[in-house]
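One-letter residues, chain by chain:
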Amino acid sequence: MPVSDQAFVTLATNDTYCQGALVLGQSLRNQRATRQLVVLITPQVSRLLRAILSRVFDEVVEVNLMDSADHVHLAFLKRPELGVTLTKLHCWTLTRYSKCVFLDADTLVLCNIDELFDRSEFSAAPDPGWPDCFNSGVFVFRPSLRTHRLLLQHAADHGSYDGADQGLLNSFFSSWPTADIQKHLPFVYNLSSSPAYTYSPAFRQFGSRAKVVHFLGPQKPWSYKYNPQTGSVWEEDPGTAPQHQLSFLNLWWNIYHHSVLPLYERIPDEPRQASPGHTNSLSRVEVPCANSAPCAEGPCANSAPCSEGPCANSAATAPGEPSETPTVVNETPLSSEAAPSGDTTGCPEIETPAGLTPEPNPPPLPPLAGVAEPGIASLQIIETVDLAMSVSEISISEKVRALSPEEQRRKWEEGHIDYMGKDAFARIQEKLDRFLQ
Ligand SMILES: O=c1ccn([C@@H]2O[C@H](COP(=O)(O)OP(=O)(O)O[C@H]3O[C@H](CO)[C@@H](O)[C@H](O)[C@H]3O)[C@@H](O)[C@H]2O)c(=O)[nH]1
Ligand SMILES: [Mn+2]
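A quick note: this is a predicted structure, and the numbers were derived from the prediction, not measured.

**Quick look at the pairing of strand β6 (residues 123-127)**
Judged by how many residues are buried, β6 sits mostly within the fold: four of five residues are covered. Alignment of β6 against strand β7 (residues 130-141), held across four bridges, turns out to be antiparallel. When the sheet's bridge partners are listed, Ala124 is paired in β7 with Phe139. With antiparallel pairing between neighbouring strands as the criterion, β6 and β7 make up a hairpin whose turn holds two residues.

See below:
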C-alpha cells in the first residue's frame, strides 16, 4: 500500500545531476517503492528538466542553493566544488512527511528498500574511506524545521571539516559511531562502486546482496559514453575497470536509455520554449542530435528534445530575503507500470568478481550570514547539458558558457544583479571614476 506521509528524497542543483536523479527515481519506481518520491531542485534547474522530473517524481520542490563557492559568505568551507551539497540540508524542511530516506542523485536502487523506513533518525551506512564516519549519500531522517535550523546554526558556528554536507552531518550527529548499532545501515544500502575502496573478497562474498549502489567520487555514470547497441559503457582503458563496476554502470545506462530518454519525447512543447517573465534560469538543455557529433549551440534538425534560450523558474532570492519558500511543481508522475519490464523485477543479478510523527515546527529563522542565496555567484554563466545520441553512442556532457553582454544587461534589467562580482559597488565606483577623469 502506498504511504503518503513518508518519502524518498534526492537533490539536483543543476541539469546534469538531474540526469542522475531521473535514473534514481526510475529505479525506485522499478522496484515498486511504496513511498512518495521527492526531488529537491534549485533555481538553476531548467524548465524542461523540471517538467521531466515531474514525470518520475511525485513532488519537485524548489529550495534555495546553499553554495560554498561564495567565499565571502561561506569562508568556512574549503571545497567549493561540493559546497552546493549543503543544499541537502533543506531536506529537513519537508515537514509534511513524518520520515524520509535521502538518496544522493548518484545512487541507483537495485532492490525494494522500503524497510529502511523501519529505521529512525539518524541512520546511515559507514563511509568506505573512514568507517567511523557515515557516508551522507543514503540516510534516514525525520524532517523538522528545528533540526534544519540547528544544522544551519551548526554550519555557521563550526563549519564543515570536509567543506560539504558529509563533514557537517557527521559532526552534528556525532554519536553515530558508538551510540546505537540500529542506526548503522548495512553497507549493502550504500555500496560504493568505486574500485578505490573495494575489499574484493567481501565484495565476492556479499556483492550480490547489494541494494543501493553509490557512484561516489568525481567520475559519475553520466561522465561515461554508452553504446546502446552493446548495452555497455565505453571504457577508456579496456580491461582496467573491475567487472562489478562496469555492471553497475551498464545498469545505470540501461535505465537511462530505456526509461529516461523516452521522457524527453513526451514533454509538450511549452516547457521547451522560453517563457516571457521566466527568463532568469541559468541552465538549459541542449538538443540531443540524431547524428554522432555532440550538439553545438544551435538547434539540431531532428525530433529530439530541445530547449532554446532561457528557461522558466522561480525568481532568485536576494541576499537577506527569507529563504524557506519552496515551490512545488506537481504533474502526474509515471507509474511503475510505465517502465520497461526489463527493469522491474527484484534484485538484478549483479556480477561479482567471482562470477560475476512530525514535531511542532517553530517559525524558521532568517537566513544565516554564512549561507549564500541562489545564483549570485554564478550569474555570469549558463550551464548547459548536451545529450548527444547516435546509433552507437549516447553521451551527456556539461558545458558552461559565459553570458553575452546582452544577456548580462537583461539580467541587470530584471534585477538579477551580481553584487559580489562585476556589479559590486567597488567595480561601479571604478567605472565612474574612469568616466569622470
Ligand atoms: O553540483 C552538484 C553536486 C552535488 N549535488 C547533489 O549532492 C549530492 C552529493 O554530491 P556527489 O557528487 O554525489 O558527492 P560524492 O561523490 O558522493 O561525495 C561524498 O561527499 C559529498 C560531500 O560531503 C557527500 O554529499 C556525498 O554524499 C558523499 O558520498 C549529489 O548526489 C547530488 O544529489 C548536486 O545536486 N549538484
Ligand atoms: Mn554521491
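Next, the rest of the story.
**Looking at the coordination of the manganese ion (ligand 2)**
With distances of 2.2 to 2.4 Å, the protein atoms coordinating the manganese ion (ligand 2) are Asp104 (OD), Asp106 (OD), Asp106 (OD) and His214 (NE2). The sequence motif formed by the donor residues of the manganese ion (ligand 2) is D-x1-D-x107-H. Pair check on accessibility: Asp104 and Asp106 agree, each one buried.

**Some words on the environment of Leu89**
Within the secondary structure layout, Leu89 lies in the loop between α3 (80-83) and β4 (99-103). Residue Leu89 is classed as buried on the basis of its relative accessible area, which comes to 1%. Leu89 sits 60 residues away from Arg149 along the chain, and the two C-alpha atoms are 9.4 Å apart. Setting aside its immediate chain neighbours within four residues, Leu89 contacts Met66, His148, Leu151, Leu152, Leu168 and Leu169.

**Here we look at the environment of Ile255**
By the element assignment, Ile255 lies in helix α7 (residues 243-265). The exposure class assigned to Ile255 is buried, which follows from its relative accessible area of 6%. Linking Ile255 and Asn30, residues 225 residues apart in sequence, is a C-alpha distance of 9.5 Å.

**A look at the packing of helix α4 (residues 145-158) against helix α5 (residues 165-172)**
Running from N to C, α4 and α5 cross one another at 110°; their axes reach a closest spacing of 10 Å. It follows that α4 is roughly perpendicular to α5 by the angle criterion. Contacts from Thr147, Leu150, Leu151, His154 and Ala155 in α4 reach Leu168, Leu169, Ser171 and Phe172 in α5. When its residues are assigned to classes, the contact of α4 with α5 shows six nonpolar, three polar and no charged.

**A word on α7**
For α7, which comprises 23 residues, the first-to-last C-alpha distance of 33 Å matches the rise-based estimate of 33 Å (1.5 Å per residue) to within 8%. The sharpest bend along α7 comes to roughly 35°, located at His257.

**Focus: the packing of aromatic side chains**
Following the criterion strictly, the structure yields 19 aromatic pairs and no others. Judged by centre distance (5.6 Å) and plane angle (15°), the ring pair of Trp92 and Phe139 falls under stacked. In this pair, Trp92 is assigned in the loop between α3 and β4 and Phe139 in strand β7, connecting sequence segments 47 residues apart. Taking the centre distance of 4.9 Å and the plane angle of 80° together, the rings of Phe172 and Phe173 count as edge-to-face. According to the relative accessible area criterion, Phe173 is buried, its value standing at 14%. Through pairs of rings, three or more aromatic residues link up here, namely Trp92, Phe102, Phe122, Phe134, Phe139, Phe141, Phe172, Phe173 and Trp176.

**Some remarks on the site of ligand 1**
The environment of ligand 1 is made up of 23 residues, and the closest members are Leu11, Thr13, Tyr17, Asp165 and Gly217. Here an oxygen atom of ligand 1 sits 3.1 Å away from a polar atom, N or O, in the main chain of Gln166. Residue His214 places a side-chain N or O atom 3.0 Å away from an oxygen atom belonging to ligand 1. Across the complex, the protein chains shield 93% of the 650 Å² of accessible surface that ligand 1 would expose by itself. Elements that contribute at least two residues to the shell around ligand 1 include exactly β1 (3-12), β7 and α5. If you tally residues by element for the shell around ligand 1, the top one is β7, at three residues.

**Focus on the pattern of salt bridges**
Enumeration over the complete set of coordinates arrives at eight salt bridges. The shortest N-O distance in the salt bridge between Asp104 and Lys88 comes to 2.8 Å. With Asp104 in the loop between β4 and β5 (107-109) and Lys88 in the loop between α3 and β4, this residue pair connects regions lying 16 residues apart in the sequence. In the salt-bridge network here, residues are joined through shared partners; they are Lys88, Asp104 and Asp165.

Basis of the calculations
Residues numbered from 1 in each chain as written. Chains lettered and ligands numbered in written order. Predicted model: local features only at pLDDT ≥ 70, side-chain atom pairs only at ≥ 80, totals over all residues. Heavy atoms only, no water. Buried < 20%, exposed > 50% of the residue type's maximum accessible area, 1.4 Å probe, protein only. Helix = DSSP H or I, 4+ residues; strand = E, 2+ residues; numbered from the N terminus. Pairing = 2+ DSSP bridges. Donors = N, O, S within 2.8 Å, 3.2 Å for Na, K, Ca; no water. Contact = heavy atoms within 4.5 Å. Axes fitted to C-alpha atoms, helices over the stretch in contact; angles between N-to-C directions. Parallel < 35°, antiparallel > 145°, perpendicular 65-115°, else oblique. Nonpolar A, V, L, I, M, F, W, Y, C, P; charged D, E, K, R; others polar. Expected span 1.5 Å × (residues − 1). Bend = angle between axes of the 7 residues up to and from the residue. Phe/Tyr/Trp six-rings, centres within 6.5 Å; stacked < 30°, edge-to-face > 60°. Near = heavy atom within 4 Å. Polar contact = N/O pair within 3.5 Å; in protein donor to acceptor, adjacent residues only side chain to side chain. Areas by Shrake-Rupley, 256 points an atom, 1.4 Å probe, with all protein chains shown as cover. Salt bridge = Lys/Arg side-chain N within 4 Å of Asp/Glu carboxyl O.

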